[in-house]
Amino acid sequence: MFSRNALRAFRAQPKVHRVHAARALATAAESVPAPVAVPGEAPAPTPARSQWKKPVDNKRGEKDIVQTAVILNRSPTLSRTATAFERAYYSYQSRIQRALYNPLPTEFYFKPGSLLEGIFMKEENERERKAFGRPNLNPNFYKKEKAVELLPGQEEPPKLMPRITEADKKKDIKSLDRKGERNLYLLIQGKDEAGENVWRLPQSDVTETEVLYDAVQRELRSPYGFGMDTWVVSRKPVGVWRPTLPQDSADTRRFLFFYKAHILAGQVRPDGKSILDFAWLTKEEIEPRVDQYYWSGVKDMLSDF
Amino acid sequence: MSTPLLTLRAAKPQLTFRAAQQSVRHAASHGAFKEQAVSDPKVETIRRTLYPSNLRNRESPTGGWRPNVGRRLQRAIPSVQAHETIERAWFLHKRHIRRARQAEIERKFKCMEEAMETLYGLDTRLYLEANVEEDPRQKSQLEIDTLKALKGAERRAVDSRVRGLFPRELRVPTDTPPKDGWNHEWSPLTRPLS
């Protein structure tokens, strides 16, 4: 397949000799130059993998509008909550395990009659009672704060933060602390080509000389993205949307390539000019805000949970 | 038989070939010869734990004799049929989750395939550039030249983020959120030491 050598060979050739470079990509048997994509025709049917060895030299036409968008994802920071069925099943299984366990040789692990043994036996009896009682489906039942007596020299156990954060309670859609279990995606409100305010994923044009990956990087380093530590997963796009918008002429083709990136730290800093507003939303929260046609092209690239 | 022979027979010691059933009497517990400081009590505890007595009066921690497992299981599970129903319900639940995840992955993959094939048909240069394999061990000439010019925090920032590798800041999900929450005030000018 295409290798770095092929790319180097391709890049090294000046424009005049591009045909010869195309031949460099050919296999021994193939020597027929491929037809160049003519703007205005219907797009060629997607080639099967066996045809990729044919020499091709496609170039984006002047009427083609090539843009990139970035799916900026904040991955889940919290583990998933177990459903009621899962919790019941886990407590059922732990009860069975308790029944099958060999007894612990406490005289080996603890000095007989010591304080530590007393604490351990008390906790063990508590666990035994919990296991063989009814499985309680209320997850908060066992989380009641109990006065824990500390042994001399023992540190206080660390205070754990609640899973439902302040941002969840206030429903602050700009905060990245909200919905720790879910995947959050960045949605930007900006002006589209018609001049209307639309909510969509961050988008930018690709100039003639640059590559799609560079366009994505440039977008993420723009003034609003400067305060975010991001990582683009791959040089390859994860999706494409080929819309036919009413304002386009018949021979204009639009390509919107999507790239996947992660945000590791920081926040969006809207400048109020190109970026009017932003939000960090889950998949089902994005759907009512965006255009339906846009959503139909984008929804399969996002994670459900 | 005559009684002398019977008494002789009774007096003969009973040979048993079930050596494992011989009762293990630990040295210190044997009747008349109880010596107080035979060995270090810790060593004694370890010996008793590794070789527990096989007198059948207590459950063995090594699992040699567990008579009450049946009774405990009966208390743990409602019935065999109920247990099997619960297991089947669980596998069904797992199957639903697996199928949903598989379907999501297939949809995403189809999107990726469609994107690459569209790019192939659109522009060869863009397609080839997208397919470039990034080797984290090799730096391109441009990167080497840029690195020479950088100093201090900027250089550390560029060094820490290796092209083609995952960044170390990608966090594994935890049960509870961090104490300070998300760092909304991150700035590229104050990167931590790599």
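The structure displayed is predicted, hence computed values, not measured ones.

*Asks:* How do you make sense of the overall build of chain A when you look at a structure like this?
*Replies:* Check the secondary structure of chain A and you find nine helices and eight strands. Across the 305 residues that make up chain A, the buried fraction comes to 40%. Restricting the contact set of chain A to residue pairs at least 6 apart, pairs at least 24 apart contribute 69%. Just so you have it, chain A exposes about 18100 Å², and 56% of that area is on carbon and sulfur atoms.

*Asks:* Sorry, what's going on with the side chain of Thr165 of chain A here?
*Replies:* With respect to the secondary-structure elements, Thr165 of chain A resides in the loop between helix H5 (115–132) and helix H6 (166–170). The contacts of Thr165 of chain A, once residues within four sequence positions are left out, are Asp177 and Arg178 of chain A together with Pro177 of chain B.

*Asks:* How should I be thinking about the side chain of Arg253 of chain A in this particular structure?
*Replies:* Here Arg253 of chain A is to be found in strand S7 (residues 253–266). Residue Arg253 of chain A is classed as buried on the basis of its relative accessible area of 14%.

*Asks:* How should the domain arrangement of chain B be read in this particular structure?
*Replies:* For interface size, the figure often reported is the accessible area lost on association. Entries for chain B in the domain assignment read domain 1 (41–76), domain 2 (80–131) and domain 3 (138–170). Taken over C-alpha atoms, the centre of domain 1 of chain B sits 60 Å from the centre of domain 3 of chain B.

*Asks:* Help me out: how do you make sense of the interface of chain A and chain B in this one?
*Replies:* Residue-level contacts link 88 residues of chain A with 75 residues of chain B. Together chain A and chain B conceal approximately 7300 Å² of surface at their shared face, both sides included; 60% is due to carbon and sulfur atoms. Summed over the shared surface of chain A and chain B, the result is five salt bridges. Here Arg235 of chain A ties to Glu129 of chain B by a salt bridge, and the two come within 3.5 Å at their closest N and O atoms. At the junction of chain A and chain B, the tally comes to 34 residue pairs in polar contact (both at pLDDT 80 or more). Element by element, the count of residues in the side of chain A that touches chain B is highest for helix H3 (residues 84–100) of chain A, at 11 residues. A per-class count over the side of chain A that touches chain B returns 43 nonpolar, 18 polar and 27 charged.

*Asks:* What exactly am I supposed to notice about the nonpolar core here?
*Replies:* Across soluble globular proteins, nonpolar side chains have a tendency to be buried as a group. One finds Leu72, Leu186, Phe257 and Trp280 of chain A together with Leu119 of chain B to be the most contacted residues of the largest nonpolar core, which totals 37 residues. The set of elements that each furnish at least two residues to this core consists of strand S1 (64–74), strand S2 (184–191), helix H7 (212–220), strand S5 (228–232), S7 and strand S8 (275–281) of chain A together with helix H4 (80–122) and helix H5 (124–130) of chain B. Residues contacting Leu186 of chain A, with those up to four places away along its chain left out, are Leu72, Leu201, Pro202, Met228, Val268, Phe278, Ala279 and Trp280 of chain A. Counting residues in hydrophobic clusters, the runner-up holds 20 residues, among them Ala69, Leu201, Leu281 and Val290 of chain A.

*Asks:* In this structure, what is going on with the packing of H3 of chain A against H5 of chain A? I would like to understand it.
*Replies:* Angle between the axes and distance between the axes: these two values describe a pair of packed helices. All names here are of chain A. At a minimum axis distance of 9 Å, the contact between H3 and H5 shows a crossing angle of 125°. The angle between the axes of H3 and H5 places the two elements in the oblique class. Crossing hand, H3 versus H5: left-handed. Judged by residue contacts, Arg95, Arg98 and Ala99 of H3 engage Glu124, Arg127, Glu128, Ala131 and Phe132 from H5. For the contact of H3 with H5, a count of residues per class yields three nonpolar, no polar and five charged.

*Asks:* Please clarify how the pattern of salt bridges should be interpreted in this entry.
*Replies:* One side chain can pair with another of opposite charge once the charged atoms of both are near each other. Applying the stated criterion across every chain, the model contains 28 salt bridges over all chains. The salt bridge involving Asp64 of chain A is made with Arg253 of chain A; its shortest N-O contact spans 2.8 Å. In this pair, Asp64 of chain A is assigned in strand S1 and Arg253 of chain A in strand S7, connecting sequence segments 189 residues apart. Of the two residues examined, Asp64 of chain A and Arg253 of chain A, each falls in the buried class. The partner of Glu44 of chain B in a salt bridge is Arg47 of chain B, with the nearest N and O atoms 3.1 Å apart. One end of the pair, Glu44 of chain B, and the other, Arg47 of chain B, are both in helix H2 (residues 41–50), three residues apart, so they sit about a helical turn from each other. Of the residues examined, Glu44 of chain B reaches a relative accessible area of 13% and is grouped as buried. Here the residues in one salt-bridge network are Arg98, Glu124, Arg127 and Glu128 of chain A together with Arg72 of chain B, joined through shared partners.

*Asks:* What should I look at first to understand the confidence of the model for chain B in this one?
*Replies:* As a note on interpretation, predicted positions should not be read in detail where pLDDT is low. All names here are of chain B. Averaged over chain B, the pLDDT score is 82; the fraction of residues at 70 or greater is 80%. Least confident of the elements in chain B is helix H1 (residues 3–11), whose mean pLDDT is 69; most confident is H4, at 97. Confidence drops under a pLDDT of 50 for residues 31–35, and excluding neighbours within four residues, the segment shows two contacts in the predicted structure. Scored by ipTM, the complex comes to 0.74, with pTM at 0.75.

*Asks:* What should I look at first to understand the pairing of S7 of chain A in this one?
*Replies:* One face of the sheet, then the other: side chains in a regular strand alternate in exactly this way. Residues and elements named next belong to chain A. When you tally the buried positions in S7, you get 13 out of 14 residues, the bulk of the element. Where S1 and S7 come together, 10 bridges link them in parallel fashion. Bridge pairing links Asp64 to Arg253 in S7. As judged from the five bridges shared by S5 and S7, these two strands associate in the antiparallel manner. Across the sheet, residue Asp229 finds its bridge partner in S7, namely Ala265. As judged from the three bridges shared by strand S6 (residues 239–241) and S7, these two strands associate in the antiparallel manner. Within the sheet, the bridge partner assigned to Trp241 lies in S7 and is Leu256.

Rules and cut-offs
Residues numbered from 1 in each chain as written. Chains lettered and ligands numbered in written order. Predicted model: local features only at pLDDT ≥ 70, side-chain atom pairs only at ≥ 80, totals over all residues. Heavy atoms only, no water. Helix = DSSP H or I, 4+ residues; strand = E, 2+ residues; numbered from the N terminus. Buried < 20%, exposed > 50% of the residue type's maximum accessible area, 1.4 Å probe, protein only. Contact = heavy atoms within 4.5 Å. Areas by Shrake-Rupley, 256 points an atom, 1.4 Å probe, with all protein chains shown as cover. Domains from an automatic or database assignment. Buried area = accessible area lost by both parts, 1.4 Å probe. Salt bridge = Lys/Arg side-chain N within 4 Å of Asp/Glu carboxyl O. Polar contact = N/O pair within 3.5 Å; in protein donor to acceptor, adjacent residues only side chain to side chain. Nonpolar A, V, L, I, M, F, W, Y, C, P; charged D, E, K, R; others polar. Core = buried A, V, L, I, M, F, W, Y, C linked by side-chain atoms within 4.5 Å. Axes fitted to C-alpha atoms, helices over the stretch in contact; angles between N-to-C directions. Parallel < 35°, antiparallel > 145°, perpendicular 65-115°, else oblique. Left-handed = near helix turned anticlockwise from the far one by under 90°. pLDDT = per-residue confidence, 0-100. Pairing = 2+ DSSP bridges.

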